[in-house]
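So you can see what is in the structure, the chains are spelled out below.
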Amino acid sequence: MDALIPRERAEIAPGAVHVPDWLSLDEQRDLVRACREWARAGMRSPKLPSGGVMSVRTVCLGWHWTPYRYSKTREDGSPVAPFPAWLADLGRRAVADAYQRPADDYAPDIALINFYDDAAKMGMHQDKDETSRAPVVSLSLGNDCTFRFGNTESRNKPHQDITLSSGDLFVFGGPTRLAYHGVLRTTPATTPPIGLKAGRLNITLRTSGL
Ligand SMILES: O=C(O)CCC(=O)C(=O)O
Ligand SMILES: [Fe+2]
């Protein structure tokens, strides 16, 4: 992060808001600790119907996601871990701060926790396996990444590239809920001291509508 350039809340497209440094270092440490607990169930690289394997490793809460559907059980038949109430509270606070309006009605019931090693990235995609169109809340921990936020029509331009750093909040909903987005790269050795030696974690909160 370049400390000379202020990082301010920015609505980069209608309904798509970046709130830099939303989480304190203590909150980030607590979330990293929680991710470690959730990861004990096993993090797996999702397998695509095309035969490819995603480069991130993922664990889910509430509903288990495999491309391209949600279920209550994981690949090995074990039940998906529950979605904790405190995480829904955090999601409501996130939507309220991003949209600067009360968000008491926001009730996420899915979390995807993605771990990026230094080589991992995520291709342009829509988050559309949820039937609800409530906003997606994204929290970043660890190394910086270059996040590409595009349009709702195609994977192609126009798009904007922004840096998501540790502690940043990104919310997308409303007109851009179905915008294509992806992670081009992460930047090694950019994490603050939050108990994550390497890599990047991203937590997205979603509402299944299921
Ligand atoms: O890692 C990120 O910032 C985005 C993750 C994402 O798009 C997803 O999990 O669907
Ligand atoms: Fe996504």
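Reading the values: rules and limits
Residues numbered from 1 in each chain as written. Chains lettered and ligands numbered in written order. Predicted model: local features only at pLDDT ≥ 70, side-chain atom pairs only at ≥ 80, totals over all residues. Near = placed C-beta within 6 Å. Helix = DSSP H or I, 4+ residues; strand = E, 2+ residues; numbered from the N terminus. Nonpolar A, V, L, I, M, F, W, Y, C, P; charged D, E, K, R; others polar. Pairing = 2+ DSSP bridges. Buried ≥ 20, exposed ≤ 12 C-beta atoms within 10 Å, placed from the backbone. Contact = placed C-beta atoms within 7 Å. Axes fitted to C-alpha atoms, helices over the stretch in contact; angles between N-to-C directions. UniProt positions renumbered as here; feature names shortened; annotations may be inferred.

Asker: Explain the site of ligand 1 to me, please; I cannot follow it from the model alone.
Answerer: As a structural note, the neighbourhood of ligand 1 is formed by L112, N114, M122, D127, S138, F147, L164, H181, V183, N202 and T204. Elements represented by at least two residues in the shell around ligand 1 include exactly β6 (110–116), β12 (181–187) and β13 (200–206). For the shell around ligand 1, the per-class residue count stands at 5 nonpolar, 5 polar and 1 charged.

Asker: Explain the pairing of β12 to me, please; I cannot follow it from the model alone.
Answerer: Two strands pair when backbone bridges link them, and strand β7 (residues 122–125) and β12 are joined in this way by 2 bridges, in the antiparallel orientation. Considered in β12, the bridge of M122 is made with V183. Direction of pairing for strand β9 (residues 144–149) relative to β12: antiparallel, over a ladder of 6 bridges. Among the inter-strand pairings, D144 is bridged to a residue of β12, identified as T187.

Asker: Where do I start with the environment of A96 in this structure?
Answerer: Relative to the assigned elements, A96 resides in helix α2 (residues 85–99). Judged by the 15 C-beta atoms lying within 10 Å of it, A96 falls in the partly exposed class. C-alpha separation for the pair A96 and Y106, spaced 10 residues apart in sequence, amounts to 9.2 Å. In this structure A96 touches R101, P102 and A103, once residues within four positions along its chain are discounted.

Asker: I keep staring at the sheet that holds β7 and nothing clicks. Help me out?
Answerer: With antiparallel pairing, the 4 strands of this open sheet are ordered in space as β7-β12-β9-β10. Where the open sheet ends on each side, the last strands, each with one partner, are β7 and β10 (160–164). Averaged over all neighbouring strand pairs, the angle between strand axes comes to 25°, with direction disregarded.

Asker: Just checking my understanding: could you explain the UniProt feature "binding site: Fe cation" (unreviewed entry) in the protein for this structure?
Answerer: UniProt's entry tags H125, D127 and H181 with the feature "binding site: Fe cation" (unreviewed entry), counted in the numbering of this structure. The greatest C-alpha distance among the residues just named is 8.6 Å, despite their covering 57 residues of sequence, which places them together in space. Along the chain, H125 turns up in strand β7. Using a count of 13 C-beta atoms within 10 Å as the deciding quantity, one classes H125 as partly exposed.

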